[in-house]
Amino acid sequence: MVKIIKLEKRIENFQLDIKRLFLQEKKIHGLIGKNGSGKSTLIKLITGLMRPDQGTIDYGGLKSTDITFTTQRPYMLHDTVYQNLIYPLKLRKKMPVKEEIEKWLDQCGLAGKEQQFAPSLSSGERQKLSFARALIFKPKLVFIDETMANMDAESIRSFQTIIMEIQKENPITWVIVSHQPAHIDGLCQEVHLMEAGRHLFSGTPKEMGYFIKEGYETQWSY
Ligand SMILES: Nc1ncnc2c1ncn2[C@@H]1O[C@H](COP(=O)(O)OP(=O)(O)OP(=O)(O)O)[C@@H](O)[C@H]1O
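Treat the numbers as computed from the prediction; the structure is a model and nothing was measured.

S.K.: Explain the overall build of the protein chain here, please?
M.R.: What the protein chain contains, in helices and strands, is seven helices and nine strands. Projected onto its principal axes, the C-alpha coordinates of the protein chain cover approximately 45 × 35 × 35 Å. Going through the 222 residues of the protein chain one by one, you find that 35% of them count as buried. Pairs at least 24 residues apart make up 70% of the contacts formed inside the protein chain by residues separated by at least 6 positions.

Okay, structure coming up:
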């Protein structure tokens, strides 16, 4: 379990202030909240991209090399799709397994594009590649930050299937950020709501449906 306690971070006029937020192991978590509510800032703090002003994050034994994330605008190495995909393995001094690489390329609709210059991929393709790149080294905690935003409906369904398959075979902890409940509804076991830098509520999607106020109500009504 990852335990976030009394976490504070000031960025100019924005104040992140989280009293207590727990991420139970091997569950699929949704992180929701309006634009600017602090979701990406929280992820940067948990993944170590940013240092908090105050507070603690107890990773429950996870090492930094067990944690990964994808972003809305993933960074592509100025190299081929293949080199981008195997980069996390290289960093961890692991050998790429041909069958696994082929499986990921196939699942992400990138088969045949191995030698393409990765920055020339479409935005949806880049997000698919970043998803595969995040998972290829078998992390234990994954943050998916708006990764499905630019994907077509079929690709979203196939990613949801990949996530469910991983959870069946070898479960890991997921935190999926989305503005579109349809992307995470039915997938998440627990949803966390952020508003104006604060963590307002955690609960099952159904409990969230009861909790959330006007404005969210139309998107999350059960
Ligand atoms: N480097 C920065 N300089 C100034 N303000 C910043 C910086 N980074 C983030 N902020 C501000 O912090 C607030 C929280 O941003 P954050 O990206 O965490 O929100 P978010 O919930 O992820 O939003 P979105 O849903 O739009 O992606 C915003 O008001 C943003 O403008």
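S.K.: Please explain the site of the ligand as it appears in this structure.
M.R.: Lining the immediate environment of the ligand, one finds I11, E12, F14, G33, N35, G36, S37, G38, K39, S40 and T41. Grouping the constituent residues of the shell around the ligand by class yields two nonpolar, seven polar and two charged.

S.K.: When you look at the nonpolar core in this model, what are you seeing that I'm missing?
M.R.: The tendency in soluble globular proteins is for nonpolar side chains to be buried as a group. Ranked by size, the top nonpolar core spans 46 residues in total, and within it L85, C108, L129, A132, V142, W174 and I176 carry the most contacts. Ranked by residue count, the leading element in this core is helix α4 (residues 123–135), at five residues. Residues contacting L129, with those up to four places away along its chain left out, are V81, N84, L85, C108, L110, A118 and L121.

S.K.: Sorry, what's going on with α4 here?
M.R.: Because the α-helix completes a turn every 3.6 residues, residues three or four places apart line up on one side. For α4, which comprises 13 residues, the first-to-last C-alpha distance of 19 Å matches the rise-based estimate of 18 Å (1.5 Å per residue) to within 8%. Listed as buried for α4 are E125, R126, Q127, K128, L129, S130, F131, A132, R133, A134 and L135. In the core, the buried residues of α4 are packed alongside β5 (67–70), α2 (81–91), α3 (98–107), β6 (141–145) and α5 (153–169).

S.K.: Help me understand the environment of I156 in this model?
M.R.: Mapped onto the fold, I156 is located in helix α5. Along the primary structure I156 and K140 are separated by 16 residues, whereas in three dimensions their C-alpha atoms are 22 Å apart. Non-local contacts of I156, meaning those with residues more than four positions away in its chain, are made with M148, M151 and H183.

Calculation rules
Residues numbered from 1 in each chain as written. Predicted model: local features only at pLDDT ≥ 70, side-chain atom pairs only at ≥ 80, totals over all residues. Helix = DSSP H or I, 4+ residues; strand = E, 2+ residues; numbered from the N terminus. Buried ≥ 20, exposed ≤ 12 C-beta atoms within 10 Å, placed from the backbone. Contact = placed C-beta atoms within 7 Å. Near = placed C-beta within 6 Å. Nonpolar A, V, L, I, M, F, W, Y, C, P; charged D, E, K, R; others polar. Core = buried A, V, L, I, M, F, W, Y, C linked by C-beta atoms within 7 Å. Expected span 1.5 Å × (residues − 1).

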